[in-house]
Structures are given as C-alpha cells and as structure tokens.
Amino acid sequence: MAVCKALCLTLLVAFLAKGCYSQLNVCGQAPLNSKIVGGQDAPVGGWPWQASLQQLSGFHFCGGSLINNQYVLTAAHCFPSTSTSNLQVILGAKSLDQTNPNQVSSSVAQIICNPNYDKSTSDNDMCLLKLSSPVTFTNYIQPVCLAAPGSTYNAGIVSWVTGWGTINSGVNLPSPRNLQEVDVPIVGNRQCNCNYGVGSITDNMLCAGLKAGGKDSCQGDSGGPMVSKQGGRWIQSGVVSFGKGCALANFPGVYARVSKYQTWINSIITSSQPGFVTFNSSGTDSDLSITCTGLPPVPTTVSPTPKPAVCGSASLNSRIGGGSVASAGTWPWMASIHLNGTHVCGGTLVAENFVMSDAGCFSSQPKASGWMVVLGSLKQNGTNPFEVTLNVTNITMSNLTGNNVALLQLGTKPTLSNYIQPICLDTSNTNVTLGSTCWVAGWGAGQGMSLQELQTSVVDCGNASTADSICTGAVTLQKGDEGGPLMCKQNNAWFQAAVLTLTSISNSSTNSSSNSNKTLSDLAQRSSPMVFSKVSRYGTFIRATVGGLLSPASTSSPVAATTVNGASPAQASFSSLLLLSLTGVFFFLK
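Predicted, not measured: the structure shown is a model, and the values here were computed from it. (Residues numbered from 1 in each chain as written. Predicted model: local features only at pLDDT ≥ 70, side-chain atom pairs only at ≥ 80, totals over all residues. Heavy atoms only, no water.)

The full count for this structure, using the stated rule, is two salt bridges. As a salt-bridge pair, R177 and D97 come within 2.9 Å of each other at their nearest N and O atoms. Remark: D97 occurs in the loop between β4 (87-91) and β5 (104-113) and R177 occurs in the loop between β8 (158-163) and β9 (180-187); sequence separation between them is 80 residues. Across the pair K479 and E482 runs a salt bridge, and its minimum N-O distance is 3.5 Å. (Salt bridge = Lys/Arg side-chain N within 4 Å of Asp/Glu carboxyl O. Helix = DSSP H or I, 4+ residues; strand = E, 2+ residues; numbered from the N terminus.)

Below you can see the structure in the form of structure tokens.
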C-alpha cells in the first residue's frame, strides 16, 4: 500500500447484543494492536474494523470499516450501482490469498450512499453497507469509533491508513496480499487547497500525507478508514476518497471527513448506533498561517471576551420533588467515568478541566491510561446528542484516613453549555442544615442504563455525628453509583455536599433478582439514615490540585440548602441503581 489512494477496508463487526445499545462502550478497541510508528504488513488483529469489499468471485475492489454489528462505512465512489447481488464483505482477514481462520464473510442487504454525493467533485463521498445479518465481535472483528462533530485535526496529527490496495500506481500488492498499514500526518485544508487548487478541498474533506510523498493510500484502498488514537481508543477521522496519483510529493491523500456525517449516519442506523467520540487537537493549528493565490484569508474577527466560568448553573433543571429517571440537562455536571470503554463510576465536573469521584474507583488502575470521562450523557446506550468524551491525563487522590476522593484532570476543557456545567463545591462546612432537600443521581447497575435521580433530606447523624459528617435519609446504592454527588440548592446555584462511596449495602440486597428491574424510587423506602464524608473534608486537597474553586453566578450567600417546611426529614431511598458513588462513607444507624 503506497498507502493507496482509495483505502477500502471497513470493518463491519458487531456484537449480537440484544437491544439498541450504542457502540461507544466497545468501539475503537484493538487489543492486538501495539503499533507506535509506521510499518508495512499489519499485524493479525491489529485493525479489527478493517473490511474488504469483494465481488463473489473474490475480487477485492474497495475497503471499509465496521462501525457497529451490522453496518460498514465506505466510499460512495465504490458503488456506481446499488445492486447487492454480486457483493460480499470480508471481516477479520489479514491475507486475501491465504486462509484466515478469524475471518467471516457476509452478504450485503442494502447499499445506502449519501444523497449529496457529487461525483464530479468527490464531495460527500460516503456510503453505508448494511450486512444481511449481524456479526459477532471477537479480538479480530471490532467496530471503530467515529469522529464526532466538533473534532479538530490540526496539521501534523499522526493518522493511520490501512488497506489491500496497490503499492504504487499500477503496481499490485504482491501475494499473499497481506493487509498493509501506513502512518501519515494530517495536512490542513488550507494547505491542501493550495496543493490541489483553491476550491477543490471542501470542509467535508480531510487531507493527510507527507510533503515529500512516499506514503499514501492508493487504488483499491478506497472506502477504507483513516484513524487516530486518543486515550485508549482508535477514532476514524476519514474515509479514503481520492488523490493525484499515489504518494506524490505535494499531493496528499484526500478523505471524506467523518465528523461531518453523524446526523446522516444516525438517521440510517437507529439501533446499536456507532460510537461517536470527539477528537481534540492541542495547541495552535499551523495550517492557519498558510496562504496562496486565491485562498481567502483566515477570518480575523475579534472574538468577544469569554465570560468567566461559573458553577452550579442548571438552566434546564426545575426539580421540586419526586424523581426517578433524569432528563437531558437536569444535572449537567454528571460525569460517566469509563475504563477501556466501560462505565465504572460516576463523578462530577468541579472545574473546567477536573472531575471529582471516589478514590476507590481507581484502586485497580490508578494511572490515567485507559480512563475516559463522558460528559453531557443521559443514557449509557442510545443517542446522546450533547455528549463529549474526553481523555484523562492525570489522576490525583487525597490521602486522608478513611475514604478519599480522586480528581481527574481532563486533556481538554469541554465546551460549556446547558448540558455541560461544573457544580459548586460546599467547602464551608456550615452550609447544609437539617431538613435540607438534596438530590443524588447516577448510572448504577440495574438502572436500565439511564441516569437515575432521587430526592432525599439531610437528617441528624446521632451518635455518628462529626464535623466531617453529613447524613441523609437511607438510600440504596449499586455498583456504578460510586463517585456521584449529593447535591443541594441555594439561591439558584447547586452545590455538592458529599461524594458517595459504595462501602456497605443494607441486608435488603438490592442485587437480588427480585429487585433487578426496579428504579431508584422503587427501592427508596428504607428506615436508616446514611452517613457521608462532607466535601469540606477535602477542601485543602481540592484547592491545591485544582488551583482555585469556581463561584456561582449569584453572589448570594453560599449553600444553605432548602428546608422542608413543617416536614420531618424524608426517609429517601434510591433504587438499586441509585447513582451515588460518593466519597462519603455511609452506614446504617441503629
């Protein structure tokens, strides 16, 4: 593969899971890939989403990528006809000429090309193939993650292209025709327009290649994926589309920009939707300084001075009482913390680039590698249009006797919106009073994978009372709720009073089969209060790590939670899924 022009390798792997789960928890993982720098032959299983599109005779003509258990992403120019009668997709293969024990073949039920594809300009060069039946995921067949809208690919970002295309113009890949791989740097669209002629490269395209040439995709690679690694995931940025020759100097390969097509892809794939992840580049994009004849200058409009971030704002939250399943934007600081793509604990955004959780969540993997934070999410499956996934670059844990908290530093500051906001921290140790109405939320096991919420009240801790303790009506927590918040509102701002930890569960086991399908409120009626460690206990550690705390928009007196007029403290209970994984140790008082 001169890293051929039209990479055609779209892995179409999927898991036979029931329901309509998003692929976010499984996409972009290649357990057999340890690639760091360029190569030639790809390792077996190194690119488990790679697909070979073939005629029934075995003739390979394009590549593709598996994006869920029944769909392969490829290029529209590979299909002058939408007839599926002579088409098959091969997944899990290494060689096209030898037996591959890990490969599977599938017929194609439908070819759906982007309706805006322009053959004359190659704009919107994207197509979806629906397999006749779902495939089963293995180490050799896995879906790739897709770049979400808002992804940034600065010039120089290292990307990988794979395929079975020609190794130079007119030079076929020699037998046994092993899958090829090549690393190529991103070339900015301004530079690429100067190379191909201003106006040739649209915002729907992405370019990659060496200025001196020598590495590129080529004929037969069309439709295949260009991917980059972020954290522990491989994210597809482009679909091999076109170029001038193969690997020529000053003519990088051109790819369909995947991040432009989430709406279209999700309109076609309504079940087991692909996992979209925001790819973030750091620093300034050097492409902004590129100029040539006819290329419009970079807009120099002066951006308004951004307003300083505030905490505790939830404009879509009108909670007064009750509660079970949360709605989008209700708790915009809620974070789902993932290890290798799987939800492990809850957390909260407490600064523009820090998430707080329970230190116990990281006992098995205290280093940042493999950890990701998902913000703006409502469901662990299905579509979350406001969701962003961010790398964790560092994990710092407090070192006090008893329970501790962890602060996760994010690789990129998320864009704040109605669906992503930091929560204020109650570090004064005096703000929450008896009878205060507070809430908890989380994605504990058995909650149907949707964010759960429950109202509770602050009660007297009795003999367990200390300056660092806060007690609430009894609640039932489940695995996965650790790290979540106890939240109270004061003067239109929400404050976190505690981080919950799953250190004990009552005798009425929430893990029993009889309770497995109940919601938070179903299992809320309990008789004993819970004891948590106050956030204020960790105030010195938090300030030292984060470098200062945010303030609410209102300058009103902080954190005095709303009291329940004339009512005794509620004996709030959470469903077996309740989401509080807070650092607060809790136990039942007799």
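Moving on, we get to empty space enclosed by the protein. Summed over the entire model, instances satisfying the criterion amount to two cavities of 30 Å³ or more. What lines the largest cavity is a set of 14 residues, among which G45, W47, G92, A93 and L179 lie closest to the centre. In the lining of the largest cavity, the residues fall into nine nonpolar, four polar and one charged. (1 Å grid on protein atoms, 1.4 Å probe; cavity = no way out; pocket = protein on both sides within 12 Å on 5 of 7 lines; lining within 4 Å. Points joined across faces, edges and corners; volume = space filled by probe spheres on them. Nonpolar A, V, L, I, M, F, W, Y, C, P; charged D, E, K, R; others polar.)

In the predicted model, the protein carries a mean pLDDT of 80, and 79% of its residues have values of at least 70. Throughout residues 34-39 the model reports pLDDT below 50, and contacts reaching past four residues in sequence, or to other chains, amount to nine contacts. Low pLDDT (under 50) marks residues 555-590, which in the prediction has 206 contacts with non-local residues, meaning those over four places away or in another chain. (pLDDT = per-residue confidence, 0-100. Contact = heavy atoms within 4.5 Å.)

Burial analysis of strand β16 (residues 342-351) places eight of its 10 residues in the buried class, which makes it a mostly covered element. Turn length for the strand β15 (residues 334-339)-β16 hairpin, with the two strands adjacent in sequence and antiparallel, is two residues, and the turn residue N340 shows positive phi of about 55°. (Buried < 20%, exposed > 50% of the residue type's maximum accessible area, 1.4 Å probe, protein only. Pairing = 2+ DSSP bridges.)

What follows covers unusual backbone geometry. The phi dihedral of S122 is positive, around 65°, even though this residue is not glycine. Positionally, S122 belongs in the loop between β5 and β6 (127-131). Of note in this structure, S272 is not a glycine but carries a positive phi near 50°. Among the secondary structure elements, S272 is positioned in the loop between α2 (262-268) and β14 (276-277). Here S272 falls in the buried class, since its relative accessible area comes to 4%.

This brings us to the environment of V535. Mapped onto the elements of the fold, V535 is located in the loop between β27 (530-533) and α3 (539-546). Taking the C-alpha atoms as reference points, V535 and Q496, 39 residues apart in sequence, are found 7.2 Å from one another.

The next thing to look at is the sheet that holds strand β22 (residues 437-442). The strand order across the open sheet formed by seven strands is β21-β26-β25-β22-β23-β24-β27, and the pairing between neighbours is mixed. Either end of the sheet is taken by a strand with one partner, and the two such strands are β21 (424-425) and β27. In this structure, strand β23 (residues 452-459) lies alongside strand β24 (residues 469-472), joined through two bridges in antiparallel fashion. Looking at β24, one finds that V459 is bridged to C471.

As a further point, take the side chain of T389. Among the structural elements, T389 can be located in strand β19 (residues 388-397). A relative accessible area of 2% means that T389 is categorised as buried. Not counting residues within four places of it along the chain, the set of residues in contact with T389 comprises L24, Q230, V277, T278, M372, V373 and V374.

With that out of the way, let us pick up the packing of aromatic side chains. Applying the stated criterion across every chain, the model contains 12 aromatic pairs. Judged by centre distance (4.9 Å) and plane angle (75°), the ring pair of W47 and W234 falls under edge-to-face. With W47 in the segment before β1 (50-55) and W234 in strand β12 (residues 233-242), this pair connects stretches of sequence that are 187 residues apart. Given a relative accessible area of 3%, W234 falls into the buried group. Here W331 and W439 contribute two aromatic rings whose centre-to-centre distance is 5.7 Å and whose plane-to-plane angle is 45°, an arrangement assigned as tilted. (Phe/Tyr/Trp six-rings, centres within 6.5 Å; stacked < 30°, edge-to-face > 60°.)

Another aspect to go through is the state of the cysteines. If you walk through the whole model with that rule in mind, you get nine disulfides. Disulfide pairing places C62 opposite C78 at an S-S distance of 2.0 Å. Across the disulfide from C62 to C78, rotation about the S-S bond amounts to roughly -90°, and the bridge is consequently left-handed. Of this pair, C62 sits in strand β2 (residues 60-66) while C78 sits in the loop between β3 (71-74) and β4, placing them 16 residues apart in sequence. With respect to burial, C62 and C78 carry one shared label: buried. (Disulfide = S-S within 2.5 Å.)

What follows concerns the side chain of T348. With respect to the element layout, T348 can be found in strand β16. If near-sequence neighbours (up to four positions away) are discounted, T348 is found in contact with W333, M334, A335, F354, V355, M356, I423, P485 and Q496.

What follows covers the layout of surface pockets. Approximately 600 Å³ is the volume attributed to the largest pocket. For the lining of the largest pocket, the secondary-structure elements that each account for two or more residues are α2 and β19. In terms of residues, the lining of the largest pocket owes the most to one element, α2, which gives three residues. Residue composition of the lining of the largest pocket, grouped by class: 12 nonpolar, 20 polar and three charged.

Now for the nonpolar core. Formed by 51 residues in total, the largest nonpolar core has its most connected members in I67, L73, V89, M126 and I265. Sorting the residues of this core by element identifies β1, β2, β3, β4, β5, β6, β12 and α2 as the ones contributing at least two each. Apart from the residues within four sequence positions on either side, M126 is in contact with L73, T74, A75, A76, C113, N114, V239, A256, V258, Y261, W264 and I265. Core analysis: the next-biggest nonpolar cluster, separate from the first, contains 46 residues, A314, A326, C361 and A406 among them. (Core = buried A, V, L, I, M, F, W, Y, C linked by side-chain atoms within 4.5 Å.)

Attention shifts here to the pairing of β19. One ladder, built from four bridges, connects strand β18 (residues 371-375) with β19; its direction is antiparallel. When the sheet's bridge partners are listed, V373 is paired in β19 with L390. As judged from the five bridges shared by β19 and strand β20 (residues 405-410), these two strands associate in the antiparallel manner. Within the sheet, the bridge partner assigned to M397 lies in β20 and is A406.

The next point concerns the sheet that holds β16. Ordered by their spatial adjacency, six strands build a closed barrel running β15-β16-β17-β20-β19-β18, and the pairing between neighbours is antiparallel. Within this sheet the neighbouring strands show an average axis-to-axis angle of 40°, counted without direction. Looking at chain direction, β15 and β18 are connected through five bridges and run antiparallel. The residue of β18 that forms the bridge with A335 is L375. Across the sheet, α3 touches β16, β17 (354-358), β19 and β20, and the angle it forms with β20 is around 15°. (Axes fitted to C-alpha atoms, helices over the stretch in contact; angles between N-to-C directions.)

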